[in-house]
2 protein chains.
Amino acid sequence: MRPLIVFNHITLDGYFVDAQGAMSWAQPGNDDPEYAAFVAENSSGGGTLLFGRVTYAMMASYWPTPIADQHMPVVAKSMNAAPKVVFSHTLNEATWNNTRLLKGDLLDEVRKLKAESGPGMCILGSGSIVAQLAAHNLIDEYQMVIDPIALGSGRSMFHCIPAPLRLKLSKSRTFKNGKVFLSYLPT
Amino acid sequence: MRPLIVFNHITLDGYFVDAQGAMSWAQPGNDDPEYAAFVAENSSGGGTLLFGRVTYAMMASYWPTPIADQHMPVVAKSMNAAPKVVFSHTLNEATWNNTRLLKGDLLDEVRKLKAESGPGMCILGSGSIVAQLAAHNLIDEYQMVIDPIALGSGRSMFHCIPAPLRLKLSKSRTFKNGKVFLSYLPT
């Protein structure tokens, strides 16, 4: 079984995107050398990236651009090269390099992906997908970077999970830019 | 000026209370000896505790009881002895030991309290009060214990702040029970 990890930036009020669906509030501090090295290392595993339609569209419009290459060259190269999956019932094609479009039932598709051989898989953003998979115990690790900001409104990746989800803290690391990396496992 | 601290347990989805207003999800792990010692030490400063009406009612119905004395004797003794303030336009009296009822404008009352001499002040719970005071830069430190649980619904203490609040990480400490203490200062 391939493990499935979630990696998201989270505000102090628990949001992975703001009320407009943006993640730009997470950018300050990304130029901290120690933090940048951590992100580059953490995203270099060679695994498959999984997205919902909304996060896919946002990522596909950013990472292949010269701006991304200028600001975060190591991450951009890794993101563009990585094998990617987007789950959508409405998209007709997925043109970002190395992307598979899966249109079937989310839980079935993820169970099939997990049964394949190869390195692990990682969900970025994609709150509605995280909430559905979390509720069915299909996520093997929750990685969060707690950013030192409160927004007042936004979306949680655990929005409306049907029951409280108790996790086990597995790793933690604090950075000089004020970001705190926390990793949790299912109990 | 007396400093004003906020101390709250926060879920991984950013809530300080669940959808029913309860904080019982934060109890697992409180019997961890290292964590219990931290909480007892952290609550022993002798400062004034500040509450909104809802949190006051919940605390006043718990801490003076034999159950509280049995489960967390050091904290219960400290909570009952501490000088307390409740802000409310509707309460007519506050009968929990050593409590002052303040019925005036919240910002005015807090500015007057901060100008008094004495040890610091601490807000527990009281989300609507935190959001109002945060928006007016009247909070000097935000202490949060991140509990290893997601609820799916609840209330954030930063709900509807009028602008994003960027903070500076000041302290962090991880406990074996999976709770993570984070302290932030205004920027």
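See above for the structure.
These figures come from a predicted structure and were not determined experimentally. (Residues numbered from 1 in each chain as written. Chains lettered and ligands numbered in written order. Predicted model: local features only at pLDDT ≥ 70, side-chain atom pairs only at ≥ 80, totals over all residues.)

Asks: Help me understand unusual backbone geometry, please; the structure alone is not making it clear to me.
Replies: Peptide bonds are mostly trans, and most non-glycine residues show a negative phi. Phi angles above zero are rare outside glycine, and Asn137(A) is one such case at about 55°. Summarising the element assignment, Asn137(A) is placed in the loop between helix 6 (127-135) and strand 6 (141-146). Take Asn137(A): there are 9 C-beta atoms within 10 Å of it, and that puts it in the exposed class. Residues other than glycine seldom take positive phi values, yet Asn98(B) does so here, at roughly 65°. Judged by the 13 C-beta atoms lying within 10 Å of it, Asn98(B) falls in the partly exposed class. (Helix = DSSP H or I, 4+ residues; strand = E, 2+ residues; numbered from the N terminus. Buried ≥ 20, exposed ≤ 12 C-beta atoms within 10 Å, placed from the backbone.)

Asks: For this particular structure, what's the right way to read the relation of the copies chain B and chain A?
Replies: Laying chain B over chain A is done by rotating through 180° and shifting 0.0 Å along the axis; what remains is an RMSD of 0.0 Å. Taken together, the rotation angle and the small translation identify this as a two-fold axis. Looking at the rotation axis and the C-alpha trace of chain B, the residue lying nearest is Gly14(B), at 1.9 Å. A shared binding surface is used by both copies, with 100% of the interface residues of chain B retained as interface residues in chain A. (Least-squares fit on C-alpha atoms with pLDDT ≥ 70 in both. Contact = placed C-beta atoms within 7 Å.)

Asks: Can you help me understand the interface of chain B and chain A in this one?
Replies: Much of the literature gives interface size as the accessible area that the parts lose upon coming together. Across the boundary between the two partners, chain B contributes 28 residues, which contact 28 residues of chain A. For the side of chain B that touches chain A, the secondary structure elements donating two or more residues are strand 7 (149-150), strand 8 (165-174) and strand 9 (180-186) of chain B. Broken down by element, the side of chain B that touches chain A gets its largest block of residues, seven residues, from strand 8 of chain B. Split into classes, the residues belonging to the side of chain B that touches chain A amount to 17 nonpolar, eight polar and three charged. Two strands pair when backbone bridges link them, and strand 7 (residues 149-150) of chain A and strand 8 of chain B are joined in this way by two bridges, in the antiparallel orientation. Looking at the pairing, Ala150(A) lines up with Leu165(B) of strand 8 of chain B. (Nonpolar A, V, L, I, M, F, W, Y, C, P; charged D, E, K, R; others polar. Pairing = 2+ DSSP bridges.)

Asks: Is there a simple way to think about the sheet that holds strand 1 (residues 4-10) of chain B in this case?
Replies: Backbone-to-backbone hydrogen bonds pair the strands of a sheet. The strands run either parallel or antiparallel. Read across the open sheet, the nine strands follow the order 7(A)-8(B)-9(B)-6(B)-1(B)-5(B)-2(B)-3(B)-4(B); overall the sheet is mixed. Only two strands of the sheet have a single neighbouring strand rather than two, namely strand 7 of chain A together with strand 4 (99-102) of chain B. Two strands pair when backbone bridges link them, and strand 3 (residues 84-87) of chain B and strand 4 of chain B are joined in this way by four bridges, in the parallel orientation. Counterpart to Phe87(B) in the pairing with strand 4 of chain B is Leu102(B). The sheet strands contacting helix 2 (residues 53-60) of chain B are strand 2 (48-52), strand 3 and strand 5 (121-124) of chain B, and the helix crosses strand 2 of chain B at an angle near 115°. (Axes fitted to C-alpha atoms, helices over the stretch in contact; angles between N-to-C directions.)

Asks: I tried to follow the pairing of strand 8 of chain B on my own but got confused; where do I start?
Replies: On a regular strand, one side chain projects to one face of the sheet and the next to the other, so that they alternate. Residue and element names in this part refer to chain B. For strand 8 and strand 9, the ladder comprises seven bridges, and the chain directions are antiparallel. Paired with Lys171 across the two strands is Ser183, which belongs to strand 9. Between strand 8 and strand 9, which pair antiparallel and follow one another directly, the connecting turn spans five residues, one of which, Gly178, has a positive phi of 90°.

Asks: What exactly am I supposed to notice about the sheet that holds strand 1 (residues 4-10) of chain A here?
Replies: Taken in spatial order, the nine strands make up an open sheet running 4(A)-3(A)-2(A)-5(A)-1(A)-6(A)-9(A)-8(A)-7(B), and their pairing is mixed. The open sheet has two free edges, formed respectively by strand 4 (99-102) of chain A together with strand 7 of chain B, since each of these has just one partner strand. Relative to strand 6 of chain A, strand 1 of chain A runs parallel, the two sharing six bridges. By the bridge assignment for strand 6 of chain A, Ile10(A) is matched with Ile146(A). Sheet contacts for helix 2 (residues 53-60) of chain A: strand 2 (48-52), strand 3 (84-87) and strand 5 (121-124) of chain A; angle to strand 2 of chain A, the most-contacted strand, approximately 115°. Packing of helix 5 (residues 106-115) of chain A onto the sheet brings it into contact with strand 1, strand 3, strand 4 and strand 5 of chain A, and relative to strand 3 of chain A it is tilted by some 165°.

Asks: Got a minute to help me understand the nonpolar core in this structure?
Replies: Inside soluble globular proteins, nonpolar side chains tend to come together where they are buried. Core analysis: the largest hydrophobic core is formed by 86 residues, its most contacted members being Phe51(A), Ile123(A), Phe51(B) and Ile123(B). Among residues more than four places away in sequence, those in contact with Ile123(B) are Leu4(B), Val6(B), Leu50(B), Ile129(B) and Val130(B). (Core = buried A, V, L, I, M, F, W, Y, C linked by C-beta atoms within 7 Å.)

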